[in-house]
Amino acid sequence: MISKWNYLPLTSQEQQIAKQLETQFPNCPAIARLLVMRGVKNQDEVRAFFSPTLGQMLDPFLMKDMDKAVNRLNRALGAKEKIMIFGDYDVDGTTAVALVYKYLQNFYSKSNLEYYIPTRDDEGYGISLQSIDYAEKIGVKLIIVLDCGIKAIDEIAYAKEKGIDFIVCDHHVPDDVLPPASAILNPKQVDCKYPFKGLSGCGVGYKFMQAFAMSNGISNMYDLESMLDLVAVSIAADIVPLIGENRVMAYYGLRRLNNNPNVGLRSIIRLCGLNNKELTISDIIFKIGPRINASGRMESGQESVELLVTRNSAEAYEISKRIDKYNHDRKELDHQITIEANEIIERHIQHLDGKKPIVIYDPNWHKGIIGIVASRLAELYFKPSVVLTLSNGFATGSSRSVRGFDVYAAIKSCRDLLENFGGHTNAVGLTLKEENIPEFRRRFTEYVEQHIDDEQVTPSMDVDCELTFAEINNDFLRNMRYFNPFGPENQKPLFVTRNVRDFGTSKLVGRKMEHIKLELVDDSSNRVMNGIAFTMSQYFDHIKEGKPFDICYTIEESKHRNSTTLQLQVKGIKVSDDAQVITNN
């Protein structure tokens, strides 16, 4: 149970800005506060935030090497060279490959385009010598690699010896030494002046195609913009910041997803039972993304690309059914491995006190599932977590972090023990020799204990503001809708309402009666608010006694056909004897 609620106060300057913005929202001043907390400072910025436009997109040629990348691609097209579109096997990689492959098909013969997704078990992450040998065999002269490649120094050098050039489109953290590619598109390069650093791998691919179109005088961008549904799926699934260009692309991508999605995505949407619902980022994260990911986790990401590039509805349906089966198998494995991981942790719980991270290893775990398990452990125990298994003679695995802690830096501090690693501040993949695991565990633990703050391993929630039920009026709800799409750095606002009481009809629900279906009132109005509190049945007796309590919650609106329902999703409950909100000054 999360026990600490952090109320984040505005600075004096932010309070002044909020006062000025309140004139636009006379019936709901909380909206002004929420805008200021998201960096919005004036009326023009309110309009830009509430109504994103494709005109807010940045010039792709601001990205380092973009001119080189476009020139090399144009040269390949002019010389009728065979081009391979290569990508990672996750959602970001497969959507990126599908986007670039489909867009280039508008201008280039399909016989000269090839796409390639490595197998997780045989080849592992990123570019392999095996894939380069295959490219040489079929006559490829240019490989466009998406969502990986930034650390493939030896592999790209090997390809260069065979007369194969690379254009690297990546968004992972680069090393000091870069691969010998014809062009490297990655806004995280130290000397790259591209203003927005948070693109997904598919987003980098989109910017490349945007630059390609501009360089060739293609003024009608409809074909490219119609693929923003793929970019939106990548943004949601890869958990990149939902601000700046990502917010614009996700906004228009969701619009496309809801009105006229890609044939393959439409098939997945129907399979998920979402075809009569207004889709959100959460639907991608919890329904659509896992199914696309399951192909690469359980079998081959190649099938995901086949699904995303097909124009045939019947073919899409058949692929979707197979992928859905993979997802079912993935969930069963995920459940079993999570149980086994928790059993290991419980046996060694005495060694995980304080700031110590989790590092666990089992040679029999499925390689495709351990990233999900690492995420679950980090969320459950509030500790950076590394989960390892055995694959092709090496210990390979994934790490996930807690809020605000740079796990990439922690892994990098042990790089002399690793065969390779790569990723972001919150998630890193790594490979090492099995005999190096004990020393890696020791040094990783030492680094984490020295660098992580107590706050980062303490369960907590950041409260955006306090509300009364009377303030949750139609104007407030209408303005709240403009904050969509929600995600990292634009999270769904978290509210607190104090001294609420049971209306008399709250009840326990769930197979084990572990959840509370709430019907609540407060002193501000006669309005009854519906809510759900998952796994909080321990508060039920207090609630049914009619005693006041405080709730921390998000506001969930669900649109189905022509009806909209409102529900408070309660994240925390504090009864009168322990109710407190902790303020960070």
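Residues numbered from 1 in each chain as written. Predicted model: local features only at pLDDT ≥ 70, side-chain atom pairs only at ≥ 80, totals over all residues. Heavy atoms only, no water.

A. Inspection of the environment of T119 at higher detail. Mapped onto the elements of the fold, T119 is located in the loop between β3 (113–116) and α6 (129–137). Using a relative accessible area of 23% as the deciding quantity, one classes T119 as partly exposed. With 31 residues separating them along the chain, T119 and D88 place their C-alpha atoms 9.2 Å apart. Discounting chain neighbours no more than four positions away, the residues touching T119 are Y89 and G124. (Helix = DSSP H or I, 4+ residues; strand = E, 2+ residues; numbered from the N terminus. Buried < 20%, exposed > 50% of the residue type's maximum accessible area, 1.4 Å probe, protein only. Contact = heavy atoms within 4.5 Å.)

B. Representation of the packing of helix α14 (residues 302–309) against helix α15 (residues 313–347) in the model. Relative orientation of the contacting elements α14 and α15 amounts to 145°, with a least axis distance of 9 Å. In this structure, α14 crosses over α15, and the sense of that crossing is left-handed. Where α14 approaches α15, its residues E303, S304, E306 and L307 are matched on the opposing element by A316, I319, S320, R322, I323 and Y326. (Axes fitted to C-alpha atoms, helices over the stretch in contact; angles between N-to-C directions. Left-handed = near helix turned anticlockwise from the far one by under 90°.)

C. Local environment of the nonpolar core. Core analysis: the biggest nonpolar cluster contains 96 residues, and L73, I83, I85, L99, I144 and F208 have the highest contact counts within it. Setting aside its immediate chain neighbours within four residues, F208 contacts M66, A69, V70, L73, I144, I167, C169 and L185. Within the second largest apolar cluster, 44 residues are counted, among which are C28, A30, I31 and F549. (Core = buried A, V, L, I, M, F, W, Y, C linked by side-chain atoms within 4.5 Å.)

D. Inspection of the sheet that holds strand β9 (residues 394–400) at higher detail. The strand order across the open sheet formed by 5 strands is β7-β8-β9-β11-β10, and the pairing between neighbours is mixed. For this open sheet the edge positions go to β7 (358–361) and β10 (418–423), each flanked by a neighbour on one side alone. Taken pair by pair, the neighbouring strands of this sheet meet at an average axis angle of 15°, ignoring direction. The sheet contacts of helix α18 (residues 437–451) involve β7, β8 (385–391), β9, β10 and β11 (427–432), and relative to β7 the element is tilted by about 170°. (Pairing = 2+ DSSP bridges.)

E. Structural detail: the sheet that holds strand β2 (residues 82–87). Read from one edge to the other, the open sheet built from 5 strands follows the order β3-β2-β4-β5-β6, with strand pairing classed as parallel. One side of each edge strand has no neighbouring strand; the edge strands of this open sheet are β3 and β6 (183–185). On average, adjacent strands in this sheet sit at an angle of 20° to one another, irrespective of strand direction. Note that β2 and strand β4 (residues 140–146) share 6 bridges and pair parallel. Counterpart to I85 in the pairing with β4 is I144.

F. Representation of the pattern of salt bridges within the structure. Taken as a whole, this structure holds 33 salt bridges when the rule is applied. Measuring nitrogen to oxygen at the nearest pair gives 3.6 Å for the salt bridge that ties D65 to K68. Between D462 and R403 there is a salt bridge, and its shortest N-O distance comes to 2.9 Å. Of the two residues, D462 sits in strand β12 (residues 460–463) while R403 sits in the loop between β9 and α17 (407–412), which places them 59 residues apart along the sequence. You can call D462 partly exposed: its relative accessible area is 26%. R403 gets classed as exposed once you look at its relative accessible area, which sits at 52%. In the salt-bridge network here, residues are joined through shared partners; they are R72, E81 and D165. (Salt bridge = Lys/Arg side-chain N within 4 Å of Asp/Glu carboxyl O.)

G. Up close: the environment of I235. Within the element layout of this structure, I235 appears in helix α10 (residues 228–237). On the basis of relative accessibility, which here comes to 1%, the residue I235 falls in the buried class. Each C-alpha atom of the pair I235 and L271 lies 21 Å from the other, and the pair is 36 residues apart in sequence. For I235, the residues in contact, after removing those within four places along its chain, are S200, V240, L242, N246, M249 and A250.

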